[in-house]
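Working through the structure, step by step
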Amino acid sequence: MYRLLSAVAARAATPGGRAGGGGRRGAHWRAGLPSLGQGWAGGLGLGLGLALGVKLAGGLRGAAPAQPPDPDAPPPQTPATPAPTAPQTPAAPATPASTAPQTPAAPAGRFARAIESSRDLLHRIKDEVGAPGIVVGVSVDGKEVWSEGLGYADVENRVPCKPETVMRIASVSKSLTMVALAKLWEAGKLDLDRPVQHYVPEFPEKEYEGEKVSVTTRLLISHLSGIRHYEKDMKKVKEEKAYKALKMMKETVASDQEKGAKNNEKSDLAKAKTEQDNDSRCRHAKPGKKKNDFEQGELYLKEKFENSIESLRLFKNDPLFFKPGDQFLYSTFGYTLLAAIVERASGYKYLDYMQKIFHDLDMLTTVQEENEPVIYNRARFYVYNKKRRLVNTPYVDNSYKWAGGGFLSTVGDLLKFGNAMLYGYQVGLFKNSNENLLPGYLKPETMLMIWTPVPNTEMSWDREGKYAMAWGVVEKKQTYGSCRKQRHYASHTGGAVGASSVLLVLPEELDTEAVNNKVPPRGVIVSIICNMQSVGLNSTALKIALEFDKDRSD
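Quick look at the structure, then. (Residues numbered from 1 in each chain as written. Predicted model: local features only at pLDDT ≥ 70, side-chain atom pairs only at ≥ 80, totals over all residues. Heavy atoms only, no water.)

Topic: the overall build of the protein chain
A count of helical and extended segments in the protein chain gives 15 helices and 15 strands. Burial status across the protein chain gives 45% buried among its 554 residues. For the protein chain, the proportion of contacts with a sequence separation of at least 24, taken over those separated by at least 6, is 70%. (Helix = DSSP H or I, 4+ residues; strand = E, 2+ residues; numbered from the N terminus. Buried < 20%, exposed > 50% of the residue type's maximum accessible area, 1.4 Å probe, protein only. Contact = heavy atoms within 4.5 Å.)

Quick look at the structure:
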């Protein structure tokens, strides 16, 4: 090809288009062909040059190493006239990235069975409640072994859920606030049994039925203060509580009668009916319909509060619904008051103090929810309207309840938090066998206090348990041999506008002999968050924890 091009160039340099040298005539002249014009050599040279370029490019393509396909690029187009190349093994064509979330294949490994089973369970729950997206994380013995997102974090823009997705954790925020209170208590800066006015004089002293009563930090933590929740109608709340108490008493009596203890039960039932008469006009009638939390106007506040003290004006002048210590009444407003106590006892703003704790716990994606900041991977939140159509939730400002339900987080951060709590709970058992262990973020005696059920409390998400200190706790129990065995665990659920959450800790059952050659934390931790409200997740988290615990034991 090169020689041909050289000859063409030489011919073009000779006048008349004839090749010089030796008196010979050119090929066209000898053949008697018509004389070529002045531009024929340029056109031929251009054509031959293009052909040579195609050949060289084809050779380079054959010699170049194969590049991995770009998942975002469209499939390669087949050229109209491909240049011949050496035989090669064809590479798989690049597939366009799908906008729909993909379910990954079941991983191989120790927990493959548990992951596959738990993923299937989450798909069922997601489909059952119609949640746009759900994210799960599981940790075993302090190590994250599975995290995955299903569905969409943003339906409108088809953004899939992933482990890094940030969502509202709602009332799981209460467990975070408990760490701040516990650190202040350990440092001697907070007395849990002093009246709250010692720290927050802006909160007025209270009376109940004409009697002066005292509200303490300890009572606030366990929802025994009598401070209201979102429902402002005291009568409806009392009727509902009385109805539930009678119903529970009847169930207890029926169970005891099966054991043959009939005489005492009749007396207990009579007492229960008398109490019901005092609290309700008709003990056999169900109480008036009380609005659920998502029908309460205060849940949708849009007002920005500058600090916890300012938030107190929402409820500080309202009467107590019950005498402090007598009855359990779940109250997020009680935690708003606790945030003010943290501020006064620590000398820092509540959010500043919490950010220090998050930094210590390596919870780098956990922040208070605010509308203005750009928060990477933040999900959108959804609800179904009256026509059962999925819609965006209205804008809300949670600055009035950061301590009780206003934080954003990821499943990974919640797993870190759960592991820190479990480590502190167990490290005391391991100290004798391993003196090199670091101390827990909270002391073992502090964690034991936090995870000890408190009398007169309820755990709405599991009737087998009681509320402790910002955690619900179910204790170990087995009534009959070779029958159901109730495992000890601690958890907290959350429900916010357009969001539901749970954090569950299932400790390993340890004894003094079982700690040899082991280090804490020992157990399974599960965190689940989703962008749909009113989704009960505790039982799902417990099932997942037990699945992983089974594989862990095997």
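Describing the packing of helix H5 (residues 172-186) against helix H13 (residues 411-430)
The description of two helices packed together rests on the angle between their axes and the distance between the axes. Where H5 contacts H13, the two axes come as close as 12 Å, and the packing angle between them is 45°. The angle between H5 and H13 places the two elements in the oblique class. Handedness of the crossing formed by H5 with H13: left-handed. Taken together, the residues of H13 that come into contact with H5 (itself represented by Val172, Ser175, Leu176 and Val179) are Leu414, Phe417 and Met421. Residues of the contact of H5 with H13, tallied by class, amount to six nonpolar, one polar and no charged. (Axes fitted to C-alpha atoms, helices over the stretch in contact; angles between N-to-C directions. Parallel < 35°, antiparallel > 145°, perpendicular 65-115°, else oblique. Left-handed = near helix turned anticlockwise from the far one by under 90°. Nonpolar A, V, L, I, M, F, W, Y, C, P; charged D, E, K, R; others polar.)

Details of the pairing of strand E13 (residues 489-496)
On any regular strand, side chains alternate: one points to one face of the sheet, the next to the other face. Among the eight residues that make up E13, seven are buried, leaving the element largely enclosed by the rest of the structure. Of the pairings in the sheet, the one linking strand E12 (residues 472-474) to E13 comprises three bridges and is antiparallel in character. Bridge pairing in E13 places Gly472 opposite Ser491. As paired elements, E13 and strand E14 (residues 499-507) share seven bridges and run antiparallel to each other. Bridge pairing in E14 links Gly494 to Ser501. Hairpin remark: E13 followed by E14, antiparallel, with two residues in the connecting loop; positive phi at Gly498, about 75°. (Pairing = 2+ DSSP bridges.)

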